[in-house]
Amino acid sequence: KEAVFLRKKITLLRAFSLLIGSMVGSGIFISPKGVLKNSGSVGFSLVVWFACGLLSMFGALCYAELGTRITKSGGHYIYILETLGPLPSFLFLWAEFFAIRPANSAVVSLAFGRYMLEPFFAPCAAPVPAVKLVSLLGYYMVLTLNSWSVTWSARLQTALSIVKLLALALIIVPGMMLLAQGHTENFQDAFDRQSLVLDKLPLAFYAGMFAYSGWFQASFVREELVRPERNLPLAVIVSVITVIVGYMLTNVSYYTVLGTQDVLASPAVAVSFVQRAFKSLISVVPVLVALSCFGTMNGGIFTFSRSL
């Protein structure tokens, strides 16, 4: 007859890793092309990336405040249930289960499969059936691990968050070195107003917000957080600021090494960056990107399972 409850196993480090691991995924390696294409120029694309980061920070702070007031796990669902009632919350959860979450998981898992197979088939593209098979295997591995142990899932998320930051560092450092050496030719006339099309700007924000998606994940594990009144806001602030700085520097590195035309022409910006910057790591970076997507899948399953 004892009450069933979730044990408090999510420390500040694990909450930070959960947010970093959920935000830094396939978006920063896929979205730069969409943001640049719909914003029109390098300067406006960087403004869009920064604005998306600010919007994510505002949303994350609102959810942190809700998390300190509503002490239940479940994220979006529980907040809608407590404020608007059972019908809107049921409709949201139905849409989340049948449309939103499957689509998001499919994009991330397919990116995982494509980048994981990239070193084995380069310079050719990986076969589509092989990509789908590896994507499914990766997704079901994460699903099995989360069903088996919360502790090991949290440990895996912490390790993969370190891998994500390492992958970003491998992109940022060469670009900053070239920028310091005076390679600023790709930033000439960065704010070209003639290439700006206002009706396409929402698409640029959509691509940018996809890369930042995941800032709300800590609210899904509210009951499992240790000292949530302190750790929830602190984890949100530190993680979102870290991601904003990392994304801005990563995009600057992309433009420094590749330029706008190469970014727009590349099907995988991170791989094209490595091919141009340092070919000795051509087989390493795609694997790091794949592990980054793997961490995003793990974080998504880890948190969304608390909605039920």
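Keep in mind that what you see is a predicted model, and the values were worked out from it rather than measured.

Definitions and cut-offs
Residues numbered from 1 in each chain as written. Predicted model: local features only at pLDDT ≥ 70, side-chain atom pairs only at ≥ 80, totals over all residues. Heavy atoms only, no water. Helix = DSSP H or I, 4+ residues; strand = E, 2+ residues; numbered from the N terminus. Rg over C-alpha atoms; globule rule 2.2 N^0.38 Å. Buried < 20%, exposed > 50% of the residue type's maximum accessible area, 1.4 Å probe, protein only. Contact = heavy atoms within 4.5 Å. Patch = residues over 30% accessible without salt bridge, like charges linked within 9 Å, V, L, I, M, F, W, Y side chains within 5 Å. Areas by Shrake-Rupley, 256 points an atom, 1.4 Å probe, with all protein chains shown as cover. Salt bridge = Lys/Arg side-chain N within 4 Å of Asp/Glu carboxyl O. UniProt positions renumbered as here; feature names shortened; annotations may be inferred. Core = buried A, V, L, I, M, F, W, Y, C linked by side-chain atoms within 4.5 Å. Phe/Tyr/Trp six-rings, centres within 6.5 Å; stacked < 30°, edge-to-face > 60°. Lys NZ or Arg CZ within 6 Å of the ring centre and 35° of its normal.

## What about the overall build of the protein?
Along its length, the protein carries 12 helices and 0 strands. Written out in order from the N terminus, the α and β elements of the protein read α-α-α-α-α-α-α-α-α-α-α-α. Against the 2.2 N^0.38 benchmark of 19 Å for 308 residues, the protein shows a C-alpha radius of gyration of 20 Å, consistent with a compact globule. In terms of overall dimensions, the protein has C-alpha extents of about 70 × 40 × 35 Å along its principal axes. Burial statistics for the protein: of 308 residues in total, 50% are counted as buried. Sequence-distant contacts in the protein: of pairs separated by 6 or more residues, those separated by 24 or more amount to 82%.

## Concerning a nonpolar patch on the surface
Where nonpolar side chains cluster on the molecular surface, the patch consists of L61, L234, I237, V238, I241, V245 and L249 and spans about 500 Å² of accessible area. Looking at the nonpolar patch element by element, the count peaks at 6 residues for helix α9 (residues 228-257). Tracing the backbone shows L234 in helix α9.

## Regarding the UniProt feature "transmembrane region" (unreviewed entry) in the protein
Per the UniProt record, the feature "transmembrane region" (unreviewed entry) sits at residues 12-30, 42-64, 76-100, 120-142, 162-183, 203-220, 232-249 and 281-304. The span residues 232-249 carries 100% helix and 0% strand; its end-to-end C-alpha distance comes to 26 Å.

## As for the pattern of salt bridges
Proximity of charged atoms lets side chains of opposite charge pair with each other. Under the criterion given, the structure shown has 3 salt bridges. Between R101 and E96 there is a salt bridge, with its nearest N and O atoms 3.3 Å apart. As far as burial versus exposure is concerned, R101 and E96 are alike and both buried. E229 is paired through a salt bridge with R222; the nearest N and O atoms lie 3.9 Å apart. In this structure E229 comes out as exposed when scored by relative accessible area, which is 54%.

## What to know about the nonpolar core
F29, W49, V240 and Y247 are the most contacted members of the largest nonpolar core, which totals 74 residues. Ranked by residues supplied to this core, first place goes to α9 with 12 residues. Not counting the four nearest positions on each side in its chain, W49 is found in contact with I28, S31, P32, V35, G208, A211, Y212, Y247, M248 and N251.

## Brief notes about the environment of R193
Structurally, the position occupied by R193 is in the loop between α7 (150-180) and α8 (201-212). A relative accessible area of 71% means that R193 is categorised as exposed. For R193 and C293, which are 100 residues apart along the polypeptide, the C-alpha to C-alpha distance reads 35 Å.

## Observations regarding the packing of aromatic side chains
In this description, a pair of aromatic rings is defined by centroid distance and the angle of the planes. The tally for this structure, following the rule as stated, stands at 11 aromatic pairs. Ring geometry for Y63 and W215: centres 5.5 Å apart, planes at 85°, overall edge-to-face. Residue Y63 is located in helix α3 (residues 42-69), and its partner W215 is located in the loop between α8 and α9; the two are separated by 152 residues in the primary sequence. Each of the two residues, Y63 as well as W215, counts as buried. For the pair W94 and F98, a centre-to-centre distance of 5.4 Å together with 35° between the ring planes defines the contact as tilted. Here the residue W94 and the residue F98 both occupy positions in helix α5 (residues 86-121), the gap between them amounting to 4 residues, near one helical turn. Grouping aromatic residues by their ring pairs yields a cluster made of Y63, Y79, W215, F216 and F220. Looking at R155, its charged tip hangs above the ring of W152, at a distance of 4.9 Å from the centre.

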